[in-house]
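Structural overview
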Amino acid sequence: MRIKTKLIIFDFDGVLADSFDTFYPFMRDGMKKIGFSFTKNQYRNLFIGNVHQELENFINDRQKLSAFLKFRKDNYDKYYYGDKNKVNLFPEALFFLKKISRKYILTIASSGYQKNVEDLLETNKIRELFGLIIANTSTTKENAIKEILKKFKVKPKEVVMVTDTVGDLKVAKKVGLKTIAVTWGFHSPKLLKTAKPDQAAGSFKELAQKLKVH
């Protein structure tokens, strides 16, 4: 299928940033603080729907949720920048983004923190490649997408979302975007297939080919 695209919306974690091995221990430790065990699959499952709602549903206790969110806020940077599992961009991402930015407007919609996303891009000297970055833990992905569409005055059919989770694919399809699922992130190729993305890519090279950039 040919995708005529003006703008790309990237999810960040699991797509551009190699962060699963940072965030899973972080979430596991936060859950432990409030008396829950937490497996890798349980973490991945949060991203099948709206991650904020799924987190609330999993904890299902207002007081414990509040304690968990406080732990997350107080310790986010310690895990994100920590020596053990510090978040980095996937090695292939830099070359890919520099090449793809010649043809498309690049944006990011993330459920992470704005400062952390921008810091990582600044460190790699590619912040200027992105026209808009929306990253916070409260705005829904749907609202972030709509804000991007409004700013750049583009129609949904002119936009492709690149993501690694079923939840994002569902939202993107609801809004009317084209979708490309990448298989190196949080969700497996089999799980991603259940959300029926328009296309799938198993590497940055393949992703560039899907976007007609050679």
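Structural data are supplied above this passage.
Fair warning: this is a prediction, and the values are worked out from it, not measured in the lab.

This paragraph deals with the overall build of the protein chain. Counting its secondary structure elements, the protein chain contains ten helices and eight strands. Over its C-alpha trace the protein chain gives a radius of gyration of 17 Å, about what one expects of a compact globule, namely 17 Å for 214 residues. Along the longest, intermediate and shortest principal axes, the C-alpha atoms of the protein chain span 50 × 35 × 30 Å. For the protein chain, the proportion of its 214 residues judged to be buried stands at 51%. Nonlocal contacts in the protein chain, meaning residues at least 24 apart in sequence, comprise 66% of its contacts between residues at least 6 apart. Carbon and sulfur atoms form 49% of the exposed surface of the protein chain, whose accessible area is close to 11,100 Å². The average position of the 40 basic charges and that of the 23 acidic charges among the side chains of the protein chain differ by 6 Å.

What follows covers the nonpolar core. Core analysis: the largest hydrophobic core is formed by 55 residues, its most contacted members being Phe10, Phe12, Leu16, Tyr43, Leu97, Phe130 and Leu207. With residues near it in sequence (within four places) discarded, Phe130 still touches Phe10, Leu16, Leu97, Leu106, Thr107, Ile108 and Leu121. Among the nonpolar cores identified, the runner-up in size contains 16 residues, and Ala144, Ile145, Leu149 and Val159 belong to it.

What follows concerns the pattern of salt bridges. For the structure shown, the criterion picks out nine salt bridges. Two residues, Lys115 and Asp119, come together in a salt bridge whose shortest N-O distance is 3.0 Å. Of this pair, Lys115 and Asp119 both sit in helix α6 (residues 114–123), four residues apart, which is roughly one turn of that helix. By relative accessible area, Lys115 is classed as partly exposed at 47%. The residue Glu118 makes a salt bridge to Arg127 at a minimum N-O spacing of 3.5 Å. Through salt bridges with shared partners, a single network forms among Asp11, Lys141 and Asp168.

In this section: helix α8 (residues 166–175). The α-helix winds at 3.6 residues per turn, so residues separated by three or four positions along the chain end up facing the same way. The buried fraction of α8 is high, at seven of ten residues. Taken residue by residue, α8 has Val166, Gly167, Asp168, Leu169, Val171, Ala172 and Val175 as its buried positions. Where α8 is buried, its residues touch α7 (141–152), β6 (159–163), β7 (178–182) and α9 (189–193).

With that settled, the discussion passes to the environment of Tyr104. Mapped onto the fold, Tyr104 is located in the loop between α5 (93–100) and β4 (105–110). Remark: the alpha-carbon pair of Tyr104 and Phe130, spanning 26 residues in sequence, is separated by 9.8 Å. At a separation of 2.5 Å, a polar atom in the side chain of Tyr104 contacts the main-chain carbonyl oxygen of Leu211.

Attention now moves to unusual backbone geometry. Even without being a glycine, Asn60 presents a positive backbone phi close to 55°. Examined against the element boundaries, Asn60 turns out to sit in the loop between α3 (51–59) and α4 (62–80). Residue class for Asn60 comes out exposed when judged on its relative accessible area of 66%. Positive phi, close to 55°, is recorded for Lys153, a residue that is not glycine. Within the element layout of this structure, Lys153 appears in the loop between α7 and β6.

Once that is clear, we can look at the pairing of β7. Extensive coverage of β7 is indicated by the burial of four of its five residues. Across four bridges, the pairing between β6 and β7 is parallel. By the bridge assignment, Met161 is partnered in β7 with Thr179. Of the crossover connections in this fold, the one passing from β6 over α8 to the parallel β7 is right-handed. Relative to strand β8 (residues 199–201), β7 runs parallel, the two sharing three bridges. Looking across to β8, one finds that Ala181 is bridged to Ala200.

Analysis parameters
- Residues numbered from 1 in each chain as written.
- Predicted model: local features only at pLDDT ≥ 70, side-chain atom pairs only at ≥ 80, totals over all residues.
- Heavy atoms only, no water.
- Helix = DSSP H or I, 4+ residues; strand = E, 2+ residues; numbered from the N terminus.
- Rg over C-alpha atoms; globule rule 2.2 N^0.38 Å.
- Buried < 20%, exposed > 50% of the residue type's maximum accessible area, 1.4 Å probe, protein only.
- Contact = heavy atoms within 4.5 Å.
- Areas by Shrake-Rupley, 256 points an atom, 1.4 Å probe, with all protein chains shown as cover.
- Lys, Arg positive; Asp, Glu negative; His and termini not counted.
- Charge placed at Lys NZ, Arg CZ, Asp CG, Glu CD.
- Core = buried A, V, L, I, M, F, W, Y, C linked by side-chain atoms within 4.5 Å.
- Salt bridge = Lys/Arg side-chain N within 4 Å of Asp/Glu carboxyl O.
- Polar contact = N/O pair within 3.5 Å; in protein donor to acceptor, adjacent residues only side chain to side chain.
- Pairing = 2+ DSSP bridges.
- Right-handed = clockwise from strand over helix to strand, strands pointing away.

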